[in-house]
Each structure stands twice: as C-alpha cells, then as structure tokens.
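# Report on the structure
Here are the chains, one letter per residue:
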Amino acid sequence: MSARIMLLTGASRGIGHATVKRFQGEGWRILTVSRQPFSEECRWPGARWGHIQADLSDPAQVDALIREVRERLPEGQLHALVNNAGISPKGEGGARLGALDSDHALWTSVFNVNLFSTAALARGLFPELRSGGGSIVNVTSIVGSRVHPFAGAAYACSKAALAALTRELAHEFGAHGVRVNAIAPGEIDTAILSPGTEDIVERQIPMRRLGTAEEVAETILFLCSAASSYVNGAEIHINGGQHV
C-alpha cells in the first residue's frame, strides 16, 4: 500500500516539527508549508521533497500552493490536512495588541493566515481529501474562548472564527467521508513562549506544568487515525485543565 500523505502548514518549528516526527514514525509522507525557504535544520527523511514555500497571507500564493500540492500527490489522494500555521503580531517589546492598537492591515494579515487560508485549502483540496478519506485538523487556541494576557485581539478573534469554521466544515464535509476537527492548545513549551508564562502555569493550570509539542502531535495523530473514526466537529482542549 502507498504511504498516507499529510499536508502540514506552519511546519518550521515547535508543534509543526513534533507533528512531522510523530507522523513519520507511523510511516506517513509529509508535505510541509512555510514562508521560509527549505531549512537544512529540517533533517527528517524526505524533508526537501516535501517542502513547499508559500506565504499564506497572500491569496495568490495559496492558490499556487493548492496547484503544487495536487502535482505532488501520486494518486490524487490526500489523507490529512493539518492547518497549524498562525501569526500573532506583537507591539513594541512584545506587547499585546488590543483592538485600539490594530489597524485594518493587521486584521487582514492575521485573518488571511489564521482563517481564510484554511478555508481556501479545505475547499481547494476537497477532491483529494474525499478521494483519500482524509481528515482535517485545525489548530485553534485557548485564546479563542477567553481573553489572554499575551494574545492580541485580532489573533483571538481569528481563532474563535476558526473554531466556527471547523464546525461548518465538519457539517459540510462529513457526508463525503472527510472528518474535520480542531485542537485548542494552551501553554505549550515551545520557543515562542512569552515572558510571564510561568505565572499562568502556577495560577491557572491545574496540572501545574506546560504542555509539550509531542503531546499536541499525539492528539493530531489520533484525529487523523482510525481510532477517531466517529469524531467529527470536535475541538479538543490541550491545556492541562486551564480552560476549566
């Protein structure tokens, strides 16, 4: 049997790296999308073959990305689409950007990457996902349901909208054999943690620790496997109980 193929956006670090490694351990082939050219730091097997450079804030590049993915699918089948790419602009010194600090250009850029590109990829690659009996996993966030001290207004609104898009796609795609779910990470131990996160861990997280990228990747794999064959339209919280 041919290897299953996953398309993963936002693959350049953290959760993206861990997801690639976990899926490759199960024999998957991975197509990765990043704004940056191929990095020699990505030393997993097939990394150069699977890398596609695209800026998801540019709708024209998203359209080109869809065409490129189709050309790389040997049997016209895509078995998983994981929408992990996301941007969260900061102010001077890493300050949170509220609505008063966010102009139209910032809102447009954030929504293009965090929401609109996800909808475009799902629509554009629907025939390949349907043919492969694929799954879509959208990476939302705990900030989609509560005000967070570090995440700005545009980012939070984009993640709340992505949760709604997940439900809409699950409703629409489910009859075609394509399941759509989301994961909502909280404080995950990656290189992009903001100063002061340790206070959140101590005061808000019942498990009193950060999550790991590997724990997030394990949940993504579950949602793309037969083990979750009747899970559709769900949003799984990965935050040690922070949401309670």
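About the cut-offs
- Residues numbered from 1 in each chain as written.
- Predicted model: local features only at pLDDT ≥ 70, side-chain atom pairs only at ≥ 80, totals over all residues.
- Heavy atoms only, no water.
- UniProt positions renumbered as here; feature names shortened; annotations may be inferred.
- Helix = DSSP H or I, 4+ residues; strand = E, 2+ residues; numbered from the N terminus.
- Expected span 1.5 Å × (residues − 1).
- Buried < 20%, exposed > 50% of the residue type's maximum accessible area, 1.4 Å probe, protein only.
- Arc of directions from axis to C-beta.
- Contact = heavy atoms within 4.5 Å.
- Polar contact = N/O pair within 3.5 Å; in protein donor to acceptor, adjacent residues only side chain to side chain.
- Pairing = 2+ DSSP bridges.
- Axes fitted to C-alpha atoms, helices over the stretch in contact; angles between N-to-C directions.

You'll find the protein chain entered in an unreviewed UniProt entry as NAD(P)-dependent dehydrogenase, short-chain alcohol dehydrogenase family, with Muricoccus roseus given as the organism. Word for word, the UniProt comment on the protein chain under Sequence similarities (unreviewed entry) is "Belongs to the short-chain dehydrogenases/reductases (SDR) family."

### Let's talk about helix α3 (residues 59–72)
Between its terminal C-alpha atoms α3 stretches 20 Å, which fits the 20 Å expected from 14 residues at 1.5 Å a residue. Of all the positions in α3, only Val62, Leu65, Ile66 and Val69 are classed as buried. Taken around the axis of α3, the buried residues stretch over an arc of 100 degrees, which confines them to a single face. In this structure, α3 carries Ala60 and Glu71 as exposed residues pointing more than 90 degrees from its buried face. Contact partners of the buried residues in α3: β1 (5–9), β2 (29–34), β3 (51–53) and α4 (104–124). The N-terminus of α3 is capped by Asp58, whose side-chain oxygen sits 3.0 Å from the backbone nitrogen of Ala60.

### Quick word on the sheet that holds strand β7 (residues 235–238)
Ordered by their spatial adjacency, seven strands build an open sheet running β3-β2-β1-β4-β5-β6-β7, and the pairing between neighbours is parallel. Single-partner strands in this sheet number two, and they are β3 and β7. Averaged over all pairs of adjacent strands, the angle between their axes in this sheet comes to 15 degrees, without regard to strand direction. Strands in contact with helix α1 (residues 14–25) are β1, β2 and β6 (179–185); relative to β1, the strand with the most contacts, it is inclined by about 175 degrees. Relative to β6, helix α8 (residues 213–223) is tilted by about 165 degrees, and along the sheet it contacts β4 (80–83), β5 (135–139), β6 and β7.

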